[in-house]
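# Reading the structure
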Amino acid sequence: MHADPDTYLSAYALRFLISRYAPNALVDIIIPEGMSVVTQRLAKSFPNQEPSPESAGSAYDLIVAVDIGDTELLKDWNEKLRESSALKVLIDHHPIKQDSPYNRSLVDTSASSAAELVYSLFKAVRVEPDSETAQALLTGILFDSQNLAIAGEGALRTVLELISFGAVLEKARTELRSPPDYGEVIAKFKAAKRVKVYRASGWVIAVSTVGSFQANVARSFVNMGADIALVAGESSKETRGSLRASHRFYAGTKVHVGTDIAAVLSKETGYGGGHPTAASLTCGVSEEDLIRDFLALMGRLLGEPPTEVK
Ligand SMILES: [Mn+2]
C-alpha cells in the first residue's frame, strides 16, 4: 500500500511537532512503500527530505508509526522496528493488532483520520502548528473523511481549530482534486456503450467489456445505480474481471463479491478474491464465457435467473 495523503501529511506534521519540541532532534520521514499518486502531488507543496545518512539503519531513539493499519504494511521496517531499542509509538485510527511491538500508542478507531490524532498531540504538548502544518493536517483530514462527508465530531472540531491557525479549506479541496485520466474516461464511455443490464429478484446487474480500467468502470456503473457490476477484459493470455457492488446489495443479499463470486468464477482456471463489495479475478476463459458464468451464478445466488432489460 502506498502512503495516502492522511498518512504522509500526518508524518509531515509530526516532524514539525518533534522539531519544535526537541529543536536538536534529527527527524526523518520514512515511507516503506512509497507514495500514492495523489500523495506524490501533495509532496510538492509539503516536501519530504532525504533521510539523514547518520541515521540510516536502526539508530533512532524514537520511532513513530503513523496510520499504518497493519504492521505488514511496513515491509522491511517491520523487522527493524521489532529489533530497534528505540521508544516505539503508534498513532493510528485503524484497529490495533494483538502482538503490537509498540511501547506507547494513541489509537482511536472512532477518529476519521490519523491527522486529527496528530493534532491532539499538538494540543497535549501545547505546540501551535504554523499555517503550513495546519494546512497539511487539514488536507489529511479532508482526504480520509471524503471531504468531511464521513467526518466525526472530532474531525470537525479539529478542522475549525486548524483554520484558526491559518489553514484554508478551499486550498485543501483544490489540492486533493485529481486531474482526469483521459484513458480512464474513454474506457468508461466505451464500456458504457456496450453495457448490458439485467434484473434478478429486483436487483440491477450491469455487465460490460473493456480492455483496461475495469475496476474504475465497474465502480462507475455502481455509481450510476447498478447494484452489482462485472466488467471483463481479455488479452492474449488471460481474461480479467472486476466486480463492484453497492453496500445496499451486500447488506440485502449477504453476497460477498470476493468469496462468493470472484473466487468461485476463477476457481478452475485462475485466481480471484477481494472484499465484500469490491473484487477482481483473472481466469482462462473468454470474456463472453466469464460473463455467461457470472450471470448463471447470480441466478443461483439471487434465486432467480437474470433477465435482460432491453
Ligand atoms: Mn488514515
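Computed from a prediction, not measured in an experiment: that's the story for all the values here.

## Some points on the overall build of the protein
- Regarding its fold elements, the protein presents twelve helices and ten strands.
- When the backbone C-alpha atoms are referred to their principal axes, the protein occupies close to 70 × 40 × 35 Å.
- Counting across all 310 residues of the protein, residues that qualify as buried make up 45%.
- Within the protein, contacts between residues at least 6 apart in sequence are counted, and of these 60% link residues at least 24 apart.
- Total accessible area computed for the protein in this model is approximately 16400 Å², and 53% of it derives from carbon and sulfur atoms.
- Of the charged side chains in the protein, 32 are positive and 38 negative, and the gap between their average positions amounts to 6 Å.

## Quick word on the sheet that holds strand 8 (residues 271–274)
- Read from one edge to the other, the open sheet built from seven strands follows the order 8-9-7-6-5-4-10, with strand pairing classed as mixed. Whereas interior strands pair on both sides, the edge strands pair on one side only; in this sheet they are strand 8 and strand 10 (307–308).
- Of the pairings in the sheet, the one linking strand 5 (residues 203–209) to strand 6 (residues 228–234) comprises five bridges and is parallel in character. Bridge pairing in strand 6 links Ser208 to Val231.

## A short note on the coordination of the manganese ion
- The protein atoms that coordinate the manganese ion are Asp6 (OD), Asp67 (OD), Asp67 (OD), His93 (NE2) and Asp144 (OD), at distances of 2.1 to 2.6 Å.
- The sequence pattern describing where the donors of the manganese ion fall on their chain is D-x60-D-x25-H-x50-D. Within this pair, whereas His93 is found in the loop between strand 2 (87–92) and strand 3 (104–107), its partner Asp144 is found in helix 5 (residues 131–144), the two being separated by 51 residues in sequence. Across the pair, exposure class does not vary: His93 and Asp144 are buried alike.

## Considering the domain arrangement of the protein
- In terms of domain boundaries, the protein breaks down into domain 1 (5–176) and domain 2 (182–308).
- Its C-alpha centre places domain 1 at a distance of 36 Å from the equivalent point of domain 2.

## What to know about helix 8 (residues 182–194)
- An ideal rise of 1.5 Å per residue puts 18 Å on 13 residues; helix 8 measures up with 19 Å between its terminal C-alpha atoms.
- By the burial criterion, the buried members of helix 8 are Glu184, Ala187 and Ala191. Looking down the long axis of helix 8, one finds its buried residues gathered within 60 degrees of arc, a one-sided arrangement. Exposed positions of helix 8 whose direction lies more than 90 degrees from the buried face are Tyr182, Phe189 and Lys193.

## Observations regarding the pairing of strand 8
- In this structure, strand 8 lies alongside strand 9 (residues 278–283), joined through four bridges in antiparallel fashion. Opposite Gly274, over in strand 9, you have Ala279 as the bridge partner.
- Between strand 8 and the antiparallel strand that follows it, strand 9, lie three residues.

Reading the values: the criteria
- Residues numbered from 1 in each chain as written.
- Predicted model: local features only at pLDDT ≥ 70, side-chain atom pairs only at ≥ 80, totals over all residues.
- Heavy atoms only, no water.
- Helix = DSSP H or I, 4+ residues; strand = E, 2+ residues; numbered from the N terminus.
- Buried < 20%, exposed > 50% of the residue type's maximum accessible area, 1.4 Å probe, protein only.
- Contact = heavy atoms within 4.5 Å.
- Areas by Shrake-Rupley, 256 points an atom, 1.4 Å probe, with all protein chains shown as cover.
- Lys, Arg positive; Asp, Glu negative; His and termini not counted.
- Charge placed at Lys NZ, Arg CZ, Asp CG, Glu CD.
- Pairing = 2+ DSSP bridges.
- Donors = N, O, S within 2.8 Å, 3.2 Å for Na, K, Ca; no water.
- Domains from an automatic or database assignment.
- Expected span 1.5 Å × (residues − 1).
- Arc of directions from axis to C-beta.

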